[in-house]
Amino acid sequence: MLKIMKEQKFEFLFEEYNSIDELNEHDKQLLNEARSATQQAYAPYSNFHVGAAAKLINGKIITGSNQENASFPVGICAERVLLGSSASLYPEVAIETMAVSYQNKNAKSDHPISPCGMCRQALQEFEGRMKKPIRLILGGMEGKVFVIDSASSLLPLAFTNEELE
Ligand code: THU
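This is a predicted model, so every value here is computed, not measured. What you see as residue numbers is a count from 1 along each chain, following the sequence as written. Owing to the predicted nature of the model, reporting of local features is limited to residues with pLDDT of at least 70; listing and counting of side-chain atom pairs is limited to 80 or more, with chain, interface and lining totals taken over all residues. Side-chain numbers here rest on the full set of heavy atoms in the structure, without hydrogens or water.

**Thoughts on the overall build of the chain**
And then number 1: A helix here means a DSSP run of H or I that spans at least four residues, while a strand means a run of E at least two residues long, and both kinds are numbered starting from the N terminus. In terms of regular secondary structure, the chain is built from 3 helices and 6 strands.
And then number 2: The order of helices and strands in the chain, counted from the N terminus, is β-α-β-β-α-β-α-β-β.
And then number 3: A globule of 165 residues ought to have a C-alpha radius of gyration of about 15 Å, and the chain, at 17 Å, matches this closely.
And then number 4: Principal axes of the C-alpha set define a box for the chain whose edges measure 60 × 35 × 35 Å.
And then number 5: Burial classes: relative accessible area under 20% of the type maximum marks a residue as buried, over 50% as exposed, and values in between as partly exposed (1.4 Å probe, protein chains only). Within the span of the chain, comprising 165 residues, buried residues form 40% of the whole.
And then number 6: What makes two residues a contact is simply this: any of their non-hydrogen atoms within 4.5 Å. Considering only intrachain contacts with a sequence separation of at least 6, the fraction spanning at least 24 residues in the chain is 66%.
And then number 7: Each accessible area value is a Shrake-Rupley result obtained with a 1.4 Å probe; residue values ignore everything except the protein chains displayed when judging cover. Total accessible area computed for the chain in this model is approximately 9,800 Å², and 52% of it derives from carbon and sulfur atoms.
And then number 8: Only four residue types enter the charge count, namely Lys and Arg as positive and Asp and Glu as negative; His and the chain termini do not. Throughout, a charge is located at the NZ atom of Lys, the CZ atom of Arg, the CG atom of Asp or the CD atom of Glu. Looking at charge distribution, the chain has the averaged site of its 16 positive side-chain charges lying 1 Å from that of its 21 negative ones. Between the two quantities, the radius of gyration covers C-alpha atoms and the globule rule is 2.2 Å times the number of residues to the power 0.38.

Encoded structure:
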């Protein structure tokens, strides 16, 4: 039988470092800002304190942290808190790099975590809106660090605002 189906493949490259010590000074500083931002998290329900720190193209550094609520779905992730702050404080200014870290009060925080699906969607649209990829640095309080060139790589076949035009 004639095969008309085409197999498609999605892949992307990212960097893996053994620890924060292997990063350049700028990236190290940003990941440390994200680690510190975990202290501003309000996470009494999950005990999972997330911090994000971003360097904007105007050189400013801003942070965000997860803010939970007794009505659980009301809680918002550190990444989206940061995106909202960024667009409010500095409209039209793109984010160059965002670092995300966490402190799990019930377990080790020794490996990178990756943004949740909802945050991937928000990151993807922020990139499109500002016409610049957001570089991600993902790492815990210790251990390996991942660096990803563009947040959109984490959301293949994304639904985008282009569909609504
Ligand atoms: N959370 C974030 O803030 N960012 C992530 O990348 C993963 C999850 C938050 C949501 C919730 O407050 C807690 O972590 C546990 O899921």
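There is more to say after this.
**Some words on the site of the ligand**
And then number 1: What makes a residue near a molecule or strand is one non-hydrogen atom of that residue sitting within 4 Å of it. Within the structure, the ligand sits among Ser46, Phe48, Val50, Asn66, Glu68, Cys77, Ala78, Glu79, Ile113, Ser114, Pro115 and Cys116.
And then number 2: Under the rule applied, a polar contact is a pair of N or O atoms within 3.5 Å (in protein, one hydrogen donor and one hydrogen acceptor; residues adjacent in sequence only if both atoms are side-chain atoms). Between the ligand and glutamate 68, the relevant distance is 2.5 Å, taken from an oxygen atom to a side-chain nitrogen or oxygen of the residue.
And then number 3: Alanine 78 places a polar main-chain atom, nitrogen or oxygen, 2.9 Å from an oxygen atom of the ligand.
And then number 4: Computed on the free molecule, the ligand has an accessible area of 380 Å², of which 76% lies beneath the protein chains in the complex.
And then number 5: At the level of elements, strand E2 (48-56) and helix H2 (78-89) are the ones that each hand at least two residues to the shell around the ligand.
And then number 6: When residue character is reported, Ala, Val, Leu, Ile, Met, Phe, Trp, Tyr, Cys and Pro are called nonpolar, Asp, Glu, Lys and Arg charged, and the others, Gly included, polar. Within the shell around the ligand, the residues separate by chemical class into 7 nonpolar, 3 polar and 2 charged.

**A few points about the nonpolar core**
And then number 1: Throughout, nonpolar core names a set of buried Ala, Val, Leu, Ile, Met, Phe, Trp, Tyr and Cys residues whose side chains join them through atoms within 4.5 Å. With 25 residues, the main nonpolar core has Ile95, Met98, Ile134 and Leu136 as its most contacted residues.
And then number 2: Counting residues per element, the ones that place at least two in this core are E2, H2, strand E4 (95-104), helix H3 (117-130) and strand E5 (135-139).
And then number 3: Counting 10 residues, the second largest nonpolar core, distinct from the first, contains Leu23, Leu30, Leu31 and Ile137.

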